Amino acid sequence: MAAARAAVAGAARRDTVVVPLRGRTVPRRRRLLVAAAAVAAIAAGAVAYPVLDLGGRPAASASAAQFLNDMADVAADSRTADAPYWKVRMETVNQDDGRVATTTFFDRAGRIWSVDADGTVHEPPAGKAGKLKKWPVGKKWLTWPALEKLPTEQKALTALFPKADESRFEQVAILLEDSPASPELRAALFRILADTPGVKLVGDVQDSKGRPGVAVEVTRKAGFSTGPEKGVTYWTTDRYTVDPDTGLLLETTHKIRGQDLPADRYTWLELGPADRVG
């Protein structure tokens, strides 16, 4: 192990160590130093994206940035969704509601259809009574057509989100969870996450359904108001598990630090374009 660490240190000084994702070639411009790689490989075999200790610097770890930038490349290579509907099938688990499975479809106008387990389709209410599917970007809530008008250049897109790192990360993650964002937009969103301070790489994991993925975590401050001039502040550790082959999110969990309670879990079982509802 000591010899491995010494070898890694020497390689780092020569700026050469690269850890590919399951055989994928990492673009030369994104070759980052992953100091734990050699040690992990000797101890447990080849491992994709091991965690790199950056000595507490307030920035995304080099390995987290490498992985998220890699996912930007994967997202950019995916196909554009041009179907009239977008399907989302997910499972939610929390203390209040227990385990809930939902299947929803929405169209480009934002109208939402829900489908029961037996196949019964519930039509969206007519007129303005219907709730529209929207996603937060800064202070705005955008429908599907509005997402298509967002800039895909990273700097211009970043400027639309909150300046606070925690709020920006949360909004970007929500878009990556279930929105019909174009390949170019998803790529830009991943690059924003790669540049967000505090993101750490967990590494290879399995989600609650046993599906393999790679997870990143971020700890952020949250809170709510209990009345005039009163509020409660707490910290959460949020984990995002990504399918490295597709760049789609498999699962997200949110756990309040200091509380001995299971994490809230959102598992994305099916996500993508659909030609019809049902």
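Here, every reference points to the structure presented above.
Residues numbered from 1 in each chain as written. Predicted model: local features only at pLDDT ≥ 70, side-chain atom pairs only at ≥ 80, totals over all residues. Heavy atoms only, no water.

**Student:** Which residues make up helix α3 (residues 62-76), and what values go with them?
**Tutor:** End to end, α3 covers 21 Å across 15 residues, agreeing with the expected 21 Å (1.5 Å per residue, within 8%). The buried fraction of α3 amounts to 14 of the 15 residues, a majority that puts the element mostly inside the structure. (Helix = DSSP H or I, 4+ residues; strand = E, 2+ residues; numbered from the N terminus. Expected span 1.5 Å × (residues − 1). Buried < 20%, exposed > 50% of the residue type's maximum accessible area, 1.4 Å probe, protein only.)

**Student:** Can you break down the nonpolar core residue by residue, with the values?
**Tutor:** Ranked by internal contacts, the top residues of the largest apolar core, which has 43 residues, are Phe67, Leu157, Phe161, Leu189 and Phe190. Examining the composition of this core, we find that 8 residues originate from one element, helix α7 (residues 183-194), more than from any other. Not counting chain neighbours up to four residues away, the residues in contact with phenylalanine 161 comprise Pro136, Val137, Gly138, Arg168, Gln171, Val172, Leu175, Leu189 and Ile192. (Core = buried A, V, L, I, M, F, W, Y, C linked by side-chain atoms within 4.5 Å. Contact = heavy atoms within 4.5 Å.)

**Student:** Give a description of the packing of aromatic side chains that names residues and reports values.
**Tutor:** The geometry of an aromatic ring pair comes down to the distance between the two centres and the angle between the two planes. Under the definition given, this model contains 5 aromatic pairs. When the centroid spacing of 5.5 Å and the interplanar angle of 90° are considered together, the rings of tyrosine 85 and tryptophan 113 count as edge-to-face. In this pair, tyrosine 85 sits in strand β1 (residues 85-94) while tryptophan 113 sits in strand β3 (residues 112-115), placing the two residues 28 residues apart along the sequence. The same class applies to tyrosine 85 and to tryptophan 113, which are both buried. Each ring, one from phenylalanine 106 and one from tryptophan 144, has its centre 6.2 Å from the other, and the planes form 80°; the classification is edge-to-face. In this pair, phenylalanine 106 is assigned in strand β2 (residues 98-107) and tryptophan 144 in helix α4 (residues 144-147), connecting sequence segments 38 residues apart. Each member of the pair, phenylalanine 106 as well as tryptophan 144, carries the same accessibility label: buried. Ring-pair connections join several aromatic residues into one group, and the members of that group are Trp86, Phe106, Trp135 and Trp144. If you follow arginine 108 out to its NZ or CZ, it ends over the ring of tryptophan 144, 4.2 Å from the centre. (Phe/Tyr/Trp six-rings, centres within 6.5 Å; stacked < 30°, edge-to-face > 60°. Lys NZ or Arg CZ within 6 Å of the ring centre and 35° of its normal.)

**Student:** Explain the side chain of glutamate 251 to me, using residue names and the numbers behind them.
**Tutor:** Relative to the helices and strands, glutamate 251 resides in strand β10 (residues 249-256). For glutamate 251, a relative accessible area of 7% gives the class buried. Of the polar contacts made by the side chain of glutamate 251, one reaches the side chain of threonine 267; its length is 2.6 Å. If we ignore the near neighbours within four places in the chain, the residues touching glutamate 251 are Asp207, Ser208, Arg239, Tyr240, Thr241, Arg265, Tyr266, Thr267 and Trp268. (Polar contact = N/O pair within 3.5 Å; in protein donor to acceptor, adjacent residues only side chain to side chain.)

**Student:** How would you summarise the pairing of β3 if you had to cite specific residues and measurements?
**Tutor:** In the case of a regular strand, side chains alternate between the two sheet surfaces. Along β3, the buried face is formed by Trp113 and Val115; none of Ile112 and Ser114, which line the opposite face, is buried. Pairing analysis gives 3 bridges linking β2 to β3, with the strands arranged antiparallel. Considered in β3, the bridge of phenylalanine 106 is made with isoleucine 112. Between β2 and β3, which pair antiparallel in sequence order, lie 4 residues; one of them, glycine 110, sits at a positive phi of approximately 95°. Of the strand pairs in this sheet, β3 and strand β4 (residues 121-122) are connected by 2 bridges, and their pairing is antiparallel. In the strand pairing of β4, serine 114 is matched with histidine 122. Hairpin remark: β3 followed by β4, antiparallel, with 5 residues in the connecting loop; positive phi at glycine 119, about 95°. (Pairing = 2+ DSSP bridges.)

**Student:** An account of the pattern of salt bridges is needed here, citing residue identities and associated values.
**Tutor:** Counted under the stated rule, the structure contains 13 salt bridges. For the salt bridge of glutamate 91 with lysine 209, the shortest nitrogen-to-oxygen distance reads 3.1 Å. Here lysine 209 lies in the loop between β7 (200-206) and β8 (212-227) and glutamate 91 lies in strand β1, a separation of 118 residues in the sequence. A salt bridge links aspartate 107 to arginine 111; the nearest nitrogen and oxygen atoms lie 2.7 Å apart. The buried category is assigned to aspartate 107, whose relative accessible area is 7%. In the salt-bridge network here, residues are joined through shared partners; they are Glu91, Arg99, Lys209, Glu251 and Arg265. (Salt bridge = Lys/Arg side-chain N within 4 Å of Asp/Glu carboxyl O.)

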